[in-house]
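In case you want the letters, here they are:
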Amino acid sequence: MSFYEPETVVCNGSLFRLYITKEQLDKRVSELAREISRDYKDKKPIFIGILNGAFIFLADLMRHVSIPCEVDFFKLSSYGDEKVSSGHVTERKDLDADVEGRHIVLIEDIVDTGLSMKYMVDRIREKNPASVTVMTLLHKPDATKHYVNVEYVGFQIPTLFVLGYGMDFAQEGRNLPQIYVIDDEYEKKF
Ligand code: IMP
């Protein structure tokens, strides 16, 4: 079996370079799953993936979680097809699960300004869960505009635009098994 693992990719006219490898992702995702399995033992958490970006991270995470748990999805959009957030969150799909009295772990691909995650935490709190915590694969702490407490972070990164492992640029690139970062020097040439 072979994976599509180039060193650079061109996505919608922008050049991206390899940033976080498959090996680094596998290692960190299994560490996060071990931590959550330890912290949520006997709590039967519901993992709520925020679509679209979180689907690959959540799928990989779940395979390493060793305690009883459930999964559901919420769909938001805030980026449109741009590289910067539109500043507005649109709800595209609500939950199916009844979260009242349950322990909820919100799962994101990336927390950038914090707008989407803050919206999600407030939205879930309205439904009276027993607890709500946040896990994100990537966090851009310098980009924070809306503070939200992020308990579990895979990798902290600078304020750079990334692609792959579920994350897109104008809907493309989600299928890349590794994470790529935009090459700004290449951008400036055009
Ligand atoms: P926030 O609401 O500004 O925190 O942005 C969160 C959402 O924007 C994430 O769930 C992603 O879908 C998207 N996003 C933020 N940064 C990036 C990036 O660097 N690449 C791709 N998508 C991103």
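Look up: the structure comes first, before these words.
None of the values given here were measured: they were computed from a predicted structure.

**Q** Looking at this structure, how should I read the overall build of the protein?
**A** Looking only at helices and strands, the protein features four helices and ten strands. Mapped in sequence order, the helices and strands of the protein form the string β-β-α-β-α-β-β-β-α-β-β-β-β-α. Relative to its length of 190 residues, the protein is compact, with a C-alpha radius of gyration of 16 Å against a globular reference of 16 Å. When the accessible surface of the protein is summed, it comes to about 9,700 Å², and 49% of that surface belongs to carbon and sulfur atoms. On the protein, the mean spot of the 24 positive side-chain charges and the mean spot of the 31 negative ones are 2 Å from each other.

**Q** So what exactly am I meant to see when it comes to the pairing of strand β8 (residues 152-156) here?
**A** Looking along a regular strand, one sees side chains alternate from face to face of the sheet. With four of its five residues buried, β8 lies for the most part within the structure. Relative to β8, strand β7 (residues 131-139) is paired through four bridges, and the arrangement is parallel. Bridge pairing in β8 places H139 opposite Q156.

**Q** In this structure, what is going on with helix α3 (residues 115-125)? I would like to understand it.
**A** For the α-helix, the turn length of 3.6 residues means that residues three or four positions removed from each other point alike. Within α3 the residues assigned to the buried category are L115, S116, M117, M120, V121, R123 and I124. Those residues of α3 that are buried are in contact with β3 (46-51), β4 (70-77), β5 (90-93), β6 (103-111) and β7.

**Q** I keep staring at unusual backbone geometry and nothing clicks. Help me out?
**A** Leaving glycine aside, a negative phi is the common case for residues, and trans is the common case for peptide bonds. Cis geometry marks the peptide bond from L51 to N52, where omega comes out at 0 degrees. Topologically, N52 is positioned in the loop between β3 and α2 (55-62). Within the chain, N12 stands out as a residue other than glycine whose phi angle is a positive 45 degrees. Within the secondary structure, N12 is located in the loop between β1 (8-11) and β2 (14-20). Residue N12 is classed as partly exposed on the basis of its relative accessible area, which comes to 40%.

**Q** Can you walk me through the pattern of salt bridges in this structure?
**A** Side chains that carry opposite charge are capable of pairing whenever their charged atoms lie near each other. Applying the stated criterion to the full structure yields 17 salt bridges. Here R17 ties to D183 by a salt bridge, and the two come within 2.5 Å at their closest N and O atoms. On the criterion of sequence distance, the pair formed by R17 in strand β2 and D183 in the loop between β10 (179-182) and α4 (184-188) is long-range, its members being 166 residues apart. Note on R17: relative accessible area 40%, which makes it partly exposed. Residue D183 is classed as buried on the basis of its relative accessible area, which comes to 11%. In this structure, the salt-bridge partner of E70 is R102, at a minimum N-O distance of 3.2 Å. Here R102 lies in the loop between β5 and β6 and E70 lies in strand β4, a separation of 32 residues in the sequence. What you see here is one network of salt bridges that share partners, running through E91, D94, R123, E126 and K127.

**Q** I tried to follow the packing of aromatic side chains on my own but got confused; where do I start?
**A** Centre distance and the angle of the planes are the two values used to describe a pair of aromatic rings. The tally for this structure, following the rule as stated, stands at three aromatic pairs. Between F16 and F169, the aromatic rings sit 6.3 Å apart at their centres with planes inclined by 55 degrees, giving tilted as the arrangement. In this pair, F16 is assigned in strand β2 and F169 in the loop between β9 (162-163) and β10, connecting sequence segments 153 residues apart. According to the relative accessible area criterion, F16 is buried, its value standing at 0%. Residue F169 is classed as buried on the basis of its relative accessible area of 8%. By way of ring pairs, the aromatic residues F16, F161 and F169 are connected into one cluster. When the ring centre of Y40 is taken as reference, the NZ or CZ atom of K43 above it lies at 5.5 Å.

Parameters and conventions
- Residue positions within a chain follow its written sequence, with the count starting from 1.
- The predicted origin of the model limits local features to residues at a pLDDT of at least 70 and limits the giving and counting of side-chain atom pairs to 80 or more, whereas totals for whole chains, interfaces and linings rest on all residues.
- The side-chain figures draw on all heavy atoms in the structure; neither hydrogens nor water molecules are used.
- Put simply, DSSP marks the helices as runs of H or I at least four residues long and the strands as runs of E at least two long, and each gets a number from the N terminus on.
- As a reference, a globule follows 2.2 Å times the number of residues to the power 0.38, and the radius of gyration itself is taken over C-alpha atoms.
- Here the accessible surface of atoms and residues is derived via Shrake-Rupley with a 1.4 Å probe, and residues count as covered only by protein chains that are part of the display.
- Charge assignment: positive for Lys and Arg, negative for Asp and Glu; neither His nor the chain ends contribute.
- To locate a charge, take atom NZ for lysine, CZ for arginine, CG for aspartate or CD for glutamate.
- Relative accessibility thresholds used throughout: buried, under 20% of the residue-type maximum; exposed, over 50%; partly exposed, between the two (1.4 Å probe, protein chains only).
- Two strands qualify as a pair provided that DSSP identifies no fewer than 2 bridges between them.
- Contact definition: two residues touch when any of their heavy atoms are within 4.5 Å.
- Between Lys or Arg on one side and Asp or Glu on the other, a salt bridge is scored when a side-chain nitrogen of the former is within 4 Å of a carboxyl oxygen of the latter.
- Any two rings among Phe, Tyr and Trp, with Trp reduced to its six-membered ring, count as a pair given centres within 6.5 Å; such a pair is stacked if its planes are under 30 degrees apart, edge-to-face if over 60, and tilted if neither.
- Throughout this description, the term charge over a ring refers to an Arg CZ or Lys NZ atom that lies within 6 Å of the ring centre and within 35 degrees of the ring normal.

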